[in-house]
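Chain by chain, the residues run as shown.
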Amino acid sequence: EVGTGVNRALKDSGLKREDLWVTSKIWMVDFAPEDVGPAVDRILKDLQLEYVDQILLHWPSVFDKPPKGSSPGSYPERWAGTEDPMFPKDKDGNLLHRDVPLSDTWKALMQEKKAGKVRSIGVSNFS
C-alpha cells in the first residue's frame, strides 16, 4: 500500500525519485546478519523502490526470531507465548532476546549499502 502511494505521488507530482528522501527501519527480529539482506529486500519490495535513502537499526536490542515456517500456535516451546512474531515471547510473556553483536548487524547493513540498495545507514533510539 505504501509503495503504491509513493509511486502515485511521484507520478502525480512530477517529482523524480531522487527528489524524495525515503527512510525505513530494520526491526529487531532482523538484526542477525543473515536476516539483514532479506529485511532490506522486503522493505524495497513493500515500498516498490530500487533503493532507500536511509535504513536505521530500530533499537539497540535483538529479538530472537521464531523459526521460519512456524506460526502462532505451532511455535517451538521457546516461543510459546508469541502471538506476534515481531515481538517473540516465552510462555510467561517475556520478550525473547538473542545475542547478536550489533557490529555484525552493522557489517551486514554495510553490504546492502555496497550493493546500492541503501544510500546511508544509521541508528535510531540508541542512547
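First things first, this report covers the structure right here in the doc. (Residues numbered from 1 in each chain as written. Predicted model: local features only at pLDDT ≥ 70, side-chain atom pairs only at ≥ 80, totals over all residues. Heavy atoms only, no water.)

1. Regarding the environment of G122
What counts is decided by this rule: Segments assigned H or I by DSSP are reported as helices when at least four residues long, segments assigned E as strands when at least two residues long, and all are numbered from the N terminus. Should any heavy atoms of two residues lie within 4.5 Å, those residues are counted as being in contact.
Secondary-structure assignment places G122 in strand 3 (residues 118–123). Distance from G122 to L57, taken between C-alpha atoms, is 6.4 Å for residues 65 residues apart in sequence. Filtering out sequence-adjacent residues up to four positions away, G122 remains in contact with I55, L56, L57 and W106.

2. Looking at the layout of surface pockets
Where we set the bar: Definitions used throughout: a 1 Å grid over protein atoms alone; a cavity as a set of points that fits a 1.4 Å probe which cannot get out; a pocket as an open set with protein on both sides within 12 Å along at least five of seven lines; a lining residue as one with an atom within 4 Å of a point. Grid points are joined across faces, edges and corners, and a volume is the space filled by probe spheres set on the points.
Estimated volume of the largest pocket: approximately 240 Å³. Around the largest pocket sit 13 residues that line it, and W27, D30, A39, R42 and M86 are the ones nearest its centre. Contributing elements (two or more residues each) for the lining of the largest pocket: strand 1 (23–26) and helix 2 (33–47). In terms of residue count, the dominant contributor to the lining of the largest pocket is helix 2 (four residues).

3. Quick notes on the sheet that holds strand 2 (residues 52–57)
We apply this condition: Pairing between strands is defined by DSSP: at least two bridges between the two strands are required. For helices, the fitted axis covers only the stretch in contact; all axes are lines through C-alpha atoms, and the angles between them, taken along N-to-C directions, range from 0 to 180 degrees.
Judged by pairing direction, the sheet is parallel, and its three strands sit side by side in the order 1-2-3 without closing on themselves. Single-partner strands in this sheet number two, and they are strand 1 and strand 3. Neighbour to neighbour, the strand axes of the sheet diverge by 30° on average, direction disregarded. Bridge analysis of strand 1 against strand 2 gives four bridges, and the strand direction is parallel. Residue S24 lies in a different strand from strand 2, and its bridge partner there is I55. Strands strand 1, strand 2 and strand 3 of the sheet are contacted by helix 2, whose axis makes an angle of about 145° with strand 1. Along the sheet face, helix 3 (residues 102–114) touches strand 1, strand 2 and strand 3 and points at about 160° away from the line of strand 3.

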